[in-house]
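# Report on the structure
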Amino acid sequence: MKSEKEKEHLFFRATLFLLLLGLLIHIADYGLYNDSTYTRLTFHEMYQAKQIDITFIGSSIVQRHFEPEIWSECLEMEAFNLGTPLQTPDDAYYIMKELFKNQSPRYCIYGVNWILFHDMDIYNNPTKSYIVFDYLKPSLDKCVYGYIAFRDKSLLNAWLPATRNTNEDLIRTVNNVLEVKKTEAYQSYGNEIYKTLEDEYTGRGFLYSYKQIEKGTFGKPEGYSFRDYSVSQTYISYMNKLKALCEANDCELIFIVPPLPYASMVWQEDYQEIVDFYVDIANDLDVTIFHFDLSKPEYLFMEDTDFYDYGHMSGKGAEKFSRAASELIKKYIDGEEIDQDEYFYSSYEELLDNSPWIFNAWLEKTEDGYQAYSTYGNNVNPEYCFQWSGDRGESWHMLQVYSEKNQIAGDKIPDGCDMLMVWARPEGEVAENADYQQCDRMELK
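Position labels on residues start from 1 in each chain and follow its written sequence. Residue-level local features of this predicted model are given only where pLDDT is at least 70; pairs of side-chain atoms are given and counted only at 80 or more, and the full residue set underlies all totals for whole chains, interfaces and linings. With hydrogens and water set aside, each side-chain value is computed from the structure's full complement of heavy atoms.

### Section: the packing of helix α4 (residues 68–75) against helix α14 (residues 315–333)
Only the stretch in contact is used when fitting a helix axis, every axis being a line fitted to C-alpha atoms; angles between N-to-C directions are given from 0 to 180 degrees. Numbering of helices and strands starts at the N terminus; helices are DSSP runs of H or I of at least 4 residues and strands are runs of E of at least 2. For the pair α4 and α14, interaxial distance at closest approach is 9 Å and the crossing angle is 30°. Considering how the two elements wind past one another, α4 and α14 form a crossing that is right-handed. For the pair formed by α4 and α14, the contact residues are Ile-70, Trp-71, Cys-74 and Leu-75 on the first element and Glu-319, Ser-322, Arg-323, Ala-325, Ser-326, Glu-327, Ile-329, Lys-330 and Ile-333 on the second. Charged residues are taken to be Asp, Glu, Lys and Arg, nonpolar residues to be Ala, Val, Leu, Ile, Met, Phe, Trp, Tyr, Cys and Pro, and polar residues to be all remaining types, Gly included. Taken together, the residues of the contact of α4 with α14 break down into seven nonpolar, two polar and four charged. The hand of a helix crossing depends on one turn: near helix anticlockwise from the far one by less than a right angle means left-handed, and clockwise means right-handed. When checking whether two residues touch, look at their non-hydrogen atoms; a contact exists if any pair is within 4.5 Å.

Here it is as structure tokens:
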């Protein structure tokens, strides 16, 4: 049997070992893990905030679409954006659970996106949860969240960030990480470290984008099909937990479906199925839902340039959307009776029936030439115009005037042509309206 002195010596050595191990882990994490992310600053601001009355949660469509400053000004309450990239309902639940520890928001707006309720390989990447887990303060809830989020993926990497780095050039990695962490902006949580030529973190969780899709360059949309994936019952269960959590904290949960480019919606095999999916979830949870994806253009018309890809808004678009949405939500919060038919179409089919423009156009190579395609509203008859260039788009020459013909034979292409362009427009009285037209360009080899 060990003497008391031997036990004390053993305890001392074990304690010293754990302290040294902890120090080594801390040094490794500091030198190998670059945690300079938007979410780091967002959570720092959340913990520092004196008051948060309304919050927005969801994926990057929330992070980039809901401008807190505009919402705060309109609603006369403090707004905060807690959107994070690829945030799924389980992430949202633990984020709100953390928020309720120090804040008493009256409203929680969930930015609904059908992709976030489906089983997809993209969610097997633990990064979406790392960027939440890393910045939560130590607590039992954080431990539970970490176990749930990473037990089937990378539990070790969650707790030891240094192990996430797979860069073989160790010295270069350390130099790059320390170069960031030694800056005053990183150490003081300054916004300037998060400003690039494309994006700017403007505070309270909002990410402003300077990128935008130029008119006539949308092309053929690519994305996910609603029918190709199954709904995750785990995510549905977390939406129920989120609703119960909000109710327990006297916070009203509200659903908002942010706008999408028309080209993105029409690409889906049947966007009405997605609309119905949103309605079913809202009804099951007994929450109010606002379908800004079905906005009537006289209320809110989102142009191509209001987006920078098939689902994310440019900063200009986010400002436009936030003004319109915050004004409507203010009426709702103030208890005014809202007839949603004044603002939104009742179905996706009704939107198509009332859309007199071309959504997008694109060119494809065929065996004997080139064919143009476009998507458009139900009552549109498209017509196409082909042009060619011999100087990489510096100047254009007519190849085929507007007609219903959407093909051009290869032997009609002039020698020296290096680019082909098609314009698509609706025939009739609106044909000359540039807002209703789309185009696409193709380099020829």
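The structure having been displayed, the exposition proceeds.
### Some thoughts on the sheet that holds strand β9 (residues 369–376)
Two modes of strand pairing occur in sheets, parallel and antiparallel, and in both the strands are linked by backbone hydrogen bonds. The strand order across the open sheet built from three strands is β8-β9-β12, with neighbouring strands paired in antiparallel fashion. The outermost strands of the open sheet, each flanked by one partner alone, are β8 (358–366) and β12 (407–409). When strand polarity is set aside, the average angle formed by the axes of neighbouring strands in this sheet is 15°. With three bridges connecting them, β9 and β12 associate as antiparallel partners. Each residue of the ladder has a partner; that of Gln-371, found in β12, is Gln-407. Between any two strands, pairing holds if DSSP finds at least two bridges.

### Notes on the sheet that holds strand β10 (residues 382–389)
Overall, antiparallel pairing links the four strands, which are arranged β11-β10-β13-β14 in an open sheet. Taken across any chain shown, the strands that pair with only one partner, and hence form the sheet edges, are β11 (397–403) and β14 (438–443). Shown here is a sheet whose adjacent strand axes are inclined to one another by a mean of 15°, direction ignored. The sheet contact formed by strand β13 (residues 419–426) and β14 spans six bridges and is antiparallel. Bridged to Trp-423 within β14 is Cys-439.

### A closer look at the packing of aromatic side chains
Two rings from Phe, Tyr or Trp (for Trp, the six-membered ring) form a pair when their centres sit within 6.5 Å of each other. Planes less than 30 degrees apart are called stacked, planes more than 60 degrees apart edge-to-face, and all others tilted. In the structure shown here, the tally under the stated rule is 32 aromatic pairs. Plain terms: the ring middles of Tyr-262 and Trp-357 are 5.6 Å apart, the flat faces sit at 40° to each other, and that makes the pair tilted. Here Trp-357 lies in the loop between α15 (348–353) and β8 and Tyr-262 lies in helix α12 (residues 262–267), a separation of 95 residues in the sequence. Seen from their ring centres, Phe-292 and Tyr-299 are 6.2 Å apart, and the 40° between their planes marks the pair as tilted. Per-residue accessibility, obtained with a 1.4 Å probe over protein chains only, is compared with the maximum for each type, and a residue is labelled buried under 20%, exposed over 50%, and partly exposed between these values. For Phe-292, a relative accessible area of 1% translates into the label buried. An aromatic cluster is present here, built from Phe-56, Phe-66, Trp-71, Phe-292, Tyr-299, Phe-321, Tyr-343 and Phe-344 joined pairwise through their rings.

### Thoughts on the side chain of Asp-293
By secondary structure assignment, the location of Asp-293 is in the loop between β7 (288–291) and α14. In this tally, Asp and Glu contribute negative charge and Lys and Arg positive charge; neither His nor the terminal groups of the chain are included. Salt bridges, as used here, are contacts in which a Lys or Arg side-chain nitrogen is within 4 Å of a carboxyl oxygen on Asp or Glu. Buried charge Asp-293 goes without a salt bridge, the closest partner of opposite sign being Lys-296 at 13 Å. Residues in contact with Asp-293, not counting those within four places in the same chain, are Val-257, Pro-258, Pro-259, Met-265, Tyr-271, Val-275, Tyr-278 and Leu-351.

### Quick look at helix α11 (residues 233–248)
A helix's residues, less one, multiplied by 1.5 Å, set its expected span. For α11, which comprises 16 residues, the first-to-last C-alpha distance of 23 Å matches the rise-based estimate of 22 Å (1.5 Å per residue) to within 8%. Listing the buried residues of α11 in full gives Tyr-235, Tyr-238, Met-239, Leu-242, Lys-243, Leu-245 and Cys-246. In a view along the axis of α11, the buried residues occupy a sector of 160°, so they form one face of it. In α11, the exposed residues that point more than 90 degrees away from the buried face are Gln-233 and Ala-248. The arc in question is the one spanned by the directions pointing from the helix axis to the C-beta atoms.

### Quick notes on the pairing of strand β3 (residues 107–111)
The element β3 is largely enclosed, with a buried count of five among its five residues. Along β3, one buried face is formed by Tyr-107, Ile-109 and Gly-111 and the opposite face, lined by Cys-108 and Tyr-110, is buried too. As paired strands, strand β1 (residues 54–57) and β3 are joined by four bridges and run parallel to one another. Residue pairing in the sheet places Ile-57 in a bridge with Tyr-110 of β3.

### Overview of the state of the cysteines
For this text, the term disulfide refers to a pair of cysteine sulfurs within 2.5 Å. Within this structure, the stated rule accounts for zero disulfides. With no disulfide of its own, Cys-108 lies 4.4 Å from the sulfur of Cys-246, the closest cysteine sulfur.

### Thoughts on unusual backbone geometry
Positive phi outside glycine occurs at Arg-204, with the angle close to 55°. You can see Arg-204 is positioned in the loop between β4 (199–203) and β5 (206–209). In this structure Arg-204 comes out as partly exposed when scored by relative accessible area, which is 23%. Of note, the phi angle at Asp-250 is positive, near 55°, even though the residue is not glycine. With respect to the helices, strands and loops of the structure, Asp-250 is situated in the loop between α11 and β6 (252–257). Accessibility expressed as a relative area gives 71% for Asp-250, which makes it exposed.

### Considerations on helix α5 (residues 89–99)
Here α5 lies mainly inside the structure; 10 of its 11 residues are buried. Tucked into the core, α5 has its buried residues touching α2 (38–48), β1, β3, α6 (127–133), α7 (140–150) and α11.

### Focus: the pattern of salt bridges
As enumerated under the stated definition, the model contains 18 salt bridges in all. Among the ionic pairs, Arg-64 bridges to Asp-199, the shortest N-O distance being 3.0 Å. Of this pair, Arg-64 sits in the loop between α3 (60–63) and α4 while Asp-199 sits in strand β4, and the two are 135 residues apart along the sequence. The class of Asp-199 is buried, set by a relative accessible area of 7%. One salt bridge connects Asp-306 with Lys-320, and the closest N-O pair in it is separated by 2.7 Å. Highlighted residues: Asp-306 in the loop between β7 and α14 and Lys-320 in helix α14, separated in sequence by 14 residues. Connected through salt bridges with shared partners, the residues Lys-97, Glu-98, Lys-101 and Asp-141 form a single ionic network.

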